[in-house]
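Here are the chains, one letter per residue:
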Amino acid sequence: MQPVSITTAMLQEAMNGFEGTAKTRNGESESIILSVWQMAEVPWFVAAVWPAHEANAPATRIKDAFLWILLAVIVLIVPLAMWRFRRLMAPLKGLGQQVHERHLGVRTNAVRGTCGSEIRQVADIFNMVVDERDEVMSSLAEREAFFRSLAQGAPIGIVPAVTGLW
């Protein structure tokens, strides 16, 4: 035990009856945590003083450990997740490439969904739509050829008319 000079406002408050914990600065301008407890039988108080960096050391170690773990997760798990995601999306990318080739006319056979029922279903529906479109285009080509043959073989002009009930 040693006498202290009143160098901080916290000690002055403790002498006036303050009880509790606060963060303040000591006489050397170091950040400290000061806890004060008033004694009941005598007009004294007990003060415990911790340097703030020592009091916060466990929390700082936990924070540092957490940051290292987070860094490890980012460095290891994220590339693994991206690789897995690309692997899962590969069939969809392949289907998209087949659809694009079919649209450009490079591919003439039906597109195939390699795995996954949803991708096979999309491929089947796309093939059905393309087959229906090909049937409609072939029917239109036949009608156009028929109309051209009529128009060229007719001795007089043919006037197309739209008929229907209005």
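Residues numbered from 1 in each chain as written. Predicted model: local features only at pLDDT ≥ 70, side-chain atom pairs only at ≥ 80, totals over all residues. Heavy atoms only, no water.

Under an unreviewed UniProt entry, the name given to the chain is HAMP domain-containing protein, and the organism recorded is Marinobacter antarcticus.

Some words on the overall build of the chain
Rules: Secondary structure elements are defined from DSSP: runs of H or I of at least 4 residues count as helices, runs of E of at least 2 residues count as strands, and each element is numbered from the N terminus. To sort residues, take the accessible area from a 1.4 Å probe on protein chains only and compare it with the maximum for the residue type: under 20% means buried, over 50% means exposed, and anything in between is partly exposed. Only heavy atoms matter for contacts: two residues are in contact if any of them lie within 4.5 Å across the pair. Each accessible area is a Shrake-Rupley estimate made with a 1.4 Å probe; only the visible protein chains count as cover when residues are assessed.
Of regular secondary structure, the chain possesses four helices and three strands. Counting every position in the chain, which comprises 166 residues, the buried fraction comes to 14%. Across the chain, the fraction of contacts at a sequence separation of at least 24, relative to all contacts at a separation of at least 6, is 17%. As presented, the chain carries roughly 13,900 Å² of accessible surface, and 64% of it is formed by carbon and sulfur atoms.

What about the sheet that holds strand 1 (residues 20–25)?
Applied cut-off: One bridge is not enough; two strands pair if DSSP finds at least two bridges between them. The axes are straight lines fitted to the C-alpha atoms, using for helices just the contacting stretch, and the angles between their N-to-C directions are given from 0 to 180°.
Taken in spatial order, the three strands make up an open sheet running 1-2-3, and their pairing is antiparallel. What marks the edges here is a single partner per strand, and that holds for strand 1 and strand 3 (45–51). Looking at each pair of strands side by side, their axes are set apart by 25° on average, direction ignored. Inspection of the sheet shows strand 2 (residues 31–38) paired to strand 3 by seven bridges, in the antiparallel sense. Among the inter-strand pairings, Trp37 is bridged to a residue of strand 3, identified as Val46.

Focus: helix 4 (residues 117–153)
Counted only if it meets this: Expected helix span is given by 1.5 Å per residue-to-residue step, counting one fewer step than there are residues.
Its 37 residues give helix 4 an end-to-end C-alpha distance of 54 Å, which sits within 8% of 54 Å, the value for a rise of 1.5 Å per residue. Taken as a whole, helix 4 has its buried residues at Ile119, Ala123, Asn127 and Val130. Its buried side turned inward, helix 4 meets helix 3 (57–104).

Quick word on the pairing of strand 2
For a regular strand, side-chain orientation follows a simple rule: the groups alternate between the two sheet faces. Of all eight residues in strand 2, six are buried; the element is thus mostly enclosed. Bridge count for strand 1 against strand 2 is six bridges, and the pairing is antiparallel. Its bridge partner being in strand 2, Arg25 is matched across the sheet by Ser31. Taking the residues that link successive antiparallel strands as the turn, the strand 1-strand 2 hairpin has five residues, and the phi of Ser29 there is positive, at about 65°. A loop of six residues connects strand 2 with strand 3, the two strands running antiparallel in sequence.

What to know about the pattern of salt bridges
Our working rule: Any Lys or Arg side-chain nitrogen found within 4 Å of a carboxyl oxygen on Asp or Glu counts as a salt bridge.
The final tally for this structure, using the stated rule, is four salt bridges. With its nearest N and O atoms 4.0 Å apart, the salt bridge here joins Glu101 to Arg107. The exposure class assigned to Glu101 is partly exposed, which follows from its relative accessible area of 24%. Arg107 gets classed as buried once you look at its relative accessible area, which sits at 17%. When the shortest N-O distance is used, the salt bridge between Arg133 and Asp134 registers 3.5 Å. Relative accessible area serves as the criterion here: at 51%, Arg133 is assigned to the exposed category. A network of salt bridges, in which partner residues are shared, links Arg102, Arg133 and Asp134.

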